[in-house]
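Next come the chains, spelled out residue by residue.
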Amino acid sequence: MDLRIFTEPQQGAGYDTLLTVAKATEDLGFDAFFRSDHYLAMGDSTGLPGPTDAWITLAGLARETSRIRLGTLMTAGTFRLPGVLAIQVAQVDAMSGGRVELGLGAGWFEAEHAAYGIPFPKEKFARLEEQLAIVTGLWGTPVGQTFSHDGIHYRLQDSPALPKPAQDRIPVLVGGHGAKRTPRLAARFADEFNIPFASVEDSRRQFGRVRAAAEEQGRAPEELVYSNALVVCAGRDDAEVARRAAVIGRDPAELRENGLAGSPAEIVDKLGRYAEAGSSRVYLQVLDLEDLDHLELISAQVQSQLAPSSAR
């Protein structure tokens, strides 16, 4: 199983903090550094020093790391025009030497749109479908040919479809809990399906829906990577778990129920249950970005016990 570090910078983290965590992610042998794409803090956090843009952050990290994959869970489709997003992501991919992945979602947090004057359309899912078609279509158009799209929400005419990514195909992630449209969208466009903050049984059920949708699309279900995103709170003993839980304002018992919390042995055992449900990759939501000892503990006593995944 691959372990990836997943951060929520809108809760209060500037670029220097994110760079420190990304370098630790690389040095400690984790597979990737991912971040959310939000402009407004949630809950009681002040959000200081203020939001950082996901793709500007990843562009910087592309030049200051050398091995780890870099990406978003999830880029909000409401934030960017799809043609512009295709250019941005392809450029960051080139800057990283071909290490970028794009998680793309519909966008959901209405308050951040109001706070920064971003339109928040009622119909977001149909827009997301067109956005995925445009981004992947632009990247997939051979050099020297043009790309056009005549949709309900977006129109592109004779685009040169440049620049091209460094990778032959940038992995695209689609995710969510929806029972019908989400699996179909993943089956049509995604290289990876991610379900965030779900139980083992809910993950098994949703992975099954995506696998069935892939077969309906004429794809082998094994072409997709199946992954989870889960909050992590590890400790060498109960006192350390409780201390880390208190820092992020969570209850240890609730974290054990809904995330990956407890001793390294407890976390390894729970990861095994997710693997049995079909997951080959887990994004560890790390909420205290100042606690690098937390990452070191997970690397030394959790990651070291997991067999490497064969997922891309």
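Described in the following lines is the structure provided in the data block. On a predicted model such as this, the values are computed, not experimentally measured, just so you know. (Residues numbered from 1 in each chain as written. Predicted model: local features only at pLDDT ≥ 70, side-chain atom pairs only at ≥ 80, totals over all residues. Heavy atoms only, no water.)

Check the secondary structure of the protein and you find 11 helices and 12 strands. In terms of overall size, the protein behaves like a compact globule, its C-alpha atoms giving a radius of gyration of 19 Å where 312 residues would be expected to give roughly 20 Å. Within the protein, the fraction of its 312 residues that count as buried is 54%. Just so you have it, the protein exposes about 13600 Å², and 51% of that area is on carbon and sulfur atoms. Separation between the mean location of the 32 positive side-chain charges and that of the 42 negative ones in the protein comes to 5 Å. (Helix = DSSP H or I, 4+ residues; strand = E, 2+ residues; numbered from the N terminus. Rg over C-alpha atoms; globule rule 2.2 N^0.38 Å. Buried < 20%, exposed > 50% of the residue type's maximum accessible area, 1.4 Å probe, protein only. Areas by Shrake-Rupley, 256 points an atom, 1.4 Å probe, with all protein chains shown as cover. Lys, Arg positive; Asp, Glu negative; His and termini not counted. Charge placed at Lys NZ, Arg CZ, Asp CG, Glu CD.)

Attention now moves to the nonpolar core. Soluble globular proteins tend to pack their nonpolar side chains together in the buried interior. Residues Leu3, Trp55, Leu102, Trp139, Leu271 and Leu284 are the most contacted members of the largest nonpolar core, which totals 75 residues. In terms of residues, this core owes the most to one element, helix α5 (residues 125-140), which gives 8 residues. Look past the residues within four positions of Trp55 in its chain and what remains in contact with it is Thr72, Thr75, Arg80, Leu85, Val89, Val92, Val100, Glu101 and Leu102. Residues Phe34, Leu173, Ala229 and Tyr283 belong to the second largest nonpolar core, which totals 7 residues. (Core = buried A, V, L, I, M, F, W, Y, C linked by side-chain atoms within 4.5 Å. Contact = heavy atoms within 4.5 Å.)

Tallied over the full model, the rule gives 24 salt bridges. Measuring nitrogen to oxygen at the nearest pair gives 3.9 Å for the salt bridge that ties Glu240 to Arg243. Of the two residues, Glu240 and Arg243 are both situated in helix α8 (residues 238-247); the distance of 3 residues between them amounts to about one turn of the helix. Since its relative accessible area comes to 44%, Arg243 is described here as partly exposed. Counted as one network, the salt bridges with shared partners bring together Arg236, Glu240, Arg243, Arg244, Asp291 and Asp293. (Salt bridge = Lys/Arg side-chain N within 4 Å of Asp/Glu carboxyl O.)

What follows covers the pairing of strand β8 (residues 172-175). Pairing of strand β5 (residues 100-105) with β8 involves 2 bridges; the strand directions are parallel. Each residue of the ladder has a partner; that of Leu102, found in β8, is Val172. When β8 meets strand β9 (residues 192-196), the two strands line up parallel, connected through 3 bridges. Across the sheet, residue Leu173 finds its bridge partner in β9, namely Glu192. Handedness of the β-α-β unit built from β8, helix α6 (residues 181-189) and β9 comes out right-handed. (Pairing = 2+ DSSP bridges. Right-handed = clockwise from strand over helix to strand, strands pointing away.)

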